[in-house]
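Coordinates in review
Now for the letters of each chain:
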Amino acid sequence: MNPALPQVHELAAFPVPFSMGEICISGHWTVHHREDSVDTPHLEVFTNPEAACEIAKYDSEGNYRALKTAPNLKRGWLLKLS
C-alpha cells in the first residue's frame, strides 16, 4: 500500500469535485475525464466498477495504453458508482 495515496476512508474528506491525474470525481462517486463534464452530451455511461479497467485500456485512437498513468486517457465516458 502506497502511503502517499489517500485511502478510501480519507477520500470522504476531499472537496468535491476533485481531480487526480486525468480523472475527476464528482459528488455521489461519479467519475469522468477531467476535460469532460457530467453535463457533457453523449457520454457513455457505465455503472459497473470493472468498466474502469476497460475505459483505461485503450486511448481515443484505439491504441493499447500499456502505461495506465500516461496522459492519453480517452474522453466521453461517465462512471456512476453510487
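In the block above lies the structure referred to throughout.
Notes on the structure follow. (Residues numbered from 1 in each chain as written. Predicted model: local features only at pLDDT ≥ 70, side-chain atom pairs only at ≥ 80, totals over all residues. Heavy atoms only, no water.)

**As for the side chain of His-32**
- Topologically, His-32 is positioned in strand 3 (residues 30-33).
- Reaching out from His-32, the side chain makes a polar contact with the side chain of Ser-26 at a distance of 3.1 Å.
- Beyond its immediate stretch of four places on either side in the chain, His-32 contacts Glu-22, Ile-23, Cys-24, Ser-26, Ser-37, Val-38, Trp-77 and Leu-78. (Helix = DSSP H or I, 4+ residues; strand = E, 2+ residues; numbered from the N terminus. Polar contact = N/O pair within 3.5 Å; in protein donor to acceptor, adjacent residues only side chain to side chain. Contact = heavy atoms within 4.5 Å.)

**Here we look at the pairing of strand 5 (residues 77-80)**
- When strand 3 meets strand 5, the two strands line up antiparallel, connected through three bridges. Counted as the bridge partner of Thr-30 is Lys-80 from strand 5.
- Where strand 4 (residues 44-46) lies against strand 5, three bridges are found, and the strand directions are parallel. Pairing of Val-45 across the sheet is with Leu-78, part of strand 5.
- For the segment spanning strand 4, helix 2 (residues 51-57) and strand 5, crossover handedness is right-handed. (Pairing = 2+ DSSP bridges. Right-handed = clockwise from strand over helix to strand, strands pointing away.)

**So, the side chain of His-33**
- As for its position among the elements, His-33 is in strand 3.
- Note on His-33: relative accessible area 3%, which makes it buried.
- Polar contacts involving the side chain of His-33 include one to the side chain of Glu-22, which spans 3.4 Å.
- A polar side-chain atom of His-33 sits 3.0 Å from the main-chain amide nitrogen of Glu-35.
- With near-sequence residues (within four places) excluded, His-33 lies in contact with Glu-22, Cys-24, Leu-73, Lys-74, Arg-75 and Trp-77. (Buried < 20%, exposed > 50% of the residue type's maximum accessible area, 1.4 Å probe, protein only.)

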